[in-house]
Amino acid sequence: MFNKRIKIKELLSQEPEGQEVTVMGWVRTFRNNQFIALNDGSTNNNIQVVVALGSQDDELLKRITTSASLKVTGTVVPSLGKGQKMDLNATSIEILGDSDAEKYPLQPKKHSLEFLREKAHLRFRTSTFGSVFRVRHALAFAVHKFFNEKRFVYMHTPIITVSDAEGAGEMFKVTTLPLDGTAPKNEDGSINFKEDFFGRSTNLTVSGQLEGELGATAFGDIYTFGPTFRAENSNTARHLAEFWMIEPEMAFYDLEDNMNLAEEFIKYIIKYALENNKEDLEFLAQRLAEEEKQLPQDKRSEMGLLEKLEFVLNNGFERLTYTDAIQILKESNHNKKKKFQYEITGWGMDMQSEHERYLVEKHFKKPVILYNYPAAIKAFYMRQNDGCEPGKETVAAMDILAPGIGEIVGGSQREERQEKLERRMTEMHIPLEELWWYLDTRRFGTVPHAGFGLGFERMVQFVTGMTNIRDVIAFPRTPGSAEF
RNA sequence: UCCUCCUUAGCUCAGUUGGUUAGAGCAUCUGACUGUUAAUCAGAGGGUCGCCCGUUCAAGUCGGGCAGGGGGAGCCA
């Protein structure tokens, strides 16, 4: 059998007592013609392979270059050096794959994140990205673990959709029609999508929510976790054209139940990462601290990464209504000194990210859940609150805002009353015929229900402290960029 | 899409009021050393100064356009 190796993470957890092992991995550095730092991706830590003088052919030693892949067999002994607890004294070294040192772009030194973004196919081999993507995995696994323990059904909603009704953003068109102008046309000159693959116009999904609601009204609780596509021309450190979203949808939930679940969920997956990827998070915390040394004092985080995560675990999220939030903003010194770029015009305004940041980072200094937003600025499916003052109608929506990231969750209790839902859809010019299947849930055994969407990459950003979303997804898709 | 900044060696960056042959550290190569921790020491090679146009006797340096990237904003998760 070829693969009879021990993973380095496992090896490092053992005591060095002369046992013989085989490891395989990639060379991080080769020092002094004698010490190989070998990494296999199972942990950020390397195993130090020691090559005894004269034990190996000179020609072979020359081929031990950065990122060459090796199979090493040897005996594990306590290290004579200071930096590590054990050495692997090599008895045999086999080069599985050479790495031309003149051509290999990554060096054993600090690289900028921007540079590594251009080398996204190799950046997993760096300490930073190794840690980021192991944490990403842990968070993804914890998502499934959390919902499975709560007996939610994992539902795969379609990637290709027809509903253009949600208004969640610009969509990518999916078609097999020719793009050279020869596509079949209608009499009015528009493209005849009846001739297209699906016999109608189709897009990549912007949300699985509407389909998720169909599942929730049968299984009770479901969640989705899949790719989501937005064709928006967004060029920021927190937007992607292709990202992963988690959308739980729960029957027999009101807005408060929804907020409770979202908060419990976020804490659960953070806790899982802290318990299972402590080394990676410690490394990332150190990286972040060093990066922040470059920043002026007032731009640095008040807490270190681990401190921040512990703080989030141990404190309740601040919950307040949109109305109260506007009041706080209005009365803030920040506003009185006219320091907001966008004026606080009063109830009904759509908050700008500077306003949200003020609430989260300056006023409360912890995650904040805002709820009961004005109906006019929110989506059609959100439940209309009863007993509102005329002109101040609200819906049972909630957004969770995280320090440094902004909106990480958006959710609501859904409008389960058919008549009210249809009236609102008509007002907002959403075609009822197209969503006949959605409306059927309100026709046949409708129930109070709620759900939310959590941007997975933003969650990974929050936990890893990476400031650019392009550094927490393997191969980012952004306007003008789809390499790899 | 808007505002703003940046683009000089493989990487990170310096380059004066426009002036002769564009520099440094790291990396690479050659050699030395051999218990190193981004090893160290000596030497060598390595440049279309993002691209195009212009101003000028002369442009890495000044002006315009384009491309790519960073930061911020909008849209949002």
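J.: Could you clarify how one ought to interpret the protein's contact with RNA strand B in this entry?
T.: The local shell around RNA strand B holds 48 residues, among which N32, S234, T236, H239 and R458 are the closest. The sugar-phosphate portion of RNA strand B accounts for 48% of its atoms within 4 Å of the protein, the bases making up the rest. At 2.9 Å from a sugar or linking oxygen of RNA strand B is found a side-chain nitrogen or oxygen belonging to R230. Here a sugar or linking oxygen of RNA strand B sits 2.8 Å away from a polar atom, N or O, in the main chain of I408. Of all the elements in the fold, those that place two or more residues in the surface near RNA strand B are β1 (20–31), α3 (113–118), β11 (242–251), α11 (353–364), β15 (406–413) and β16 (449–455).

J.: Which parts of the structure should I look at to understand the layout of surface pockets?
T.: Rolled over the atoms, a probe sized like a water molecule indicates the empty space that remains. Of the volumes computed, that of the second largest pocket is approximately 1,100 Å³. Along its surface, the second largest pocket is lined by 41 residues, and R28, T126, S127, T128 and F283 are the ones closest to its centre. Secondary-structure elements contributing two or more residues to the lining of the second largest pocket are β1, β2 (35–39), α3, α4 (127–149) and α7 (278–292). With six residues, the top contributor of residues to the lining of the second largest pocket is α4. Class assignment of the residues belonging to the lining of the second largest pocket gives a composition of 12 nonpolar, 18 polar and 11 charged.

J.: Please explain the packing of aromatic side chains as it appears in this structure.
T.: The geometry of an aromatic ring pair is captured by two quantities: the separation of the ring centres and the angle between the planes. Following the criterion strictly, the structure yields 22 aromatic pairs and no others. For the pair F147 and F152, a centre-to-centre distance of 4.9 Å together with 40° between the ring planes defines the contact as tilted. Counting every residue linked through ring pairs, the aromatic cluster contains F146, F147, F152, Y154, Y223, F265, Y268 and F452. Over the aromatic face of F462 sits the side chain of K308, whose NZ or CZ is 3.9 Å from the ring centroid.

Calculation rules
- Residues numbered from 1 in each chain as written.
- Chains lettered and ligands numbered in written order.
- Predicted model: local features only at pLDDT ≥ 70, side-chain atom pairs only at ≥ 80, totals over all residues.
- Heavy atoms only, no water.
- Near = heavy atom within 4 Å.
- Polar contact = N/O pair within 3.5 Å; in protein donor to acceptor, adjacent residues only side chain to side chain.
- Helix = DSSP H or I, 4+ residues; strand = E, 2+ residues; numbered from the N terminus.
- 1 Å grid on protein atoms, 1.4 Å probe; cavity = no way out; pocket = protein on both sides within 12 Å on 5 of 7 lines; lining within 4 Å.
- Points joined across faces, edges and corners; volume = space filled by probe spheres on them.
- Nonpolar A, V, L, I, M, F, W, Y, C, P; charged D, E, K, R; others polar.
- Phe/Tyr/Trp six-rings, centres within 6.5 Å; stacked < 30°, edge-to-face > 60°.
- Lys NZ or Arg CZ within 6 Å of the ring centre and 35° of its normal.

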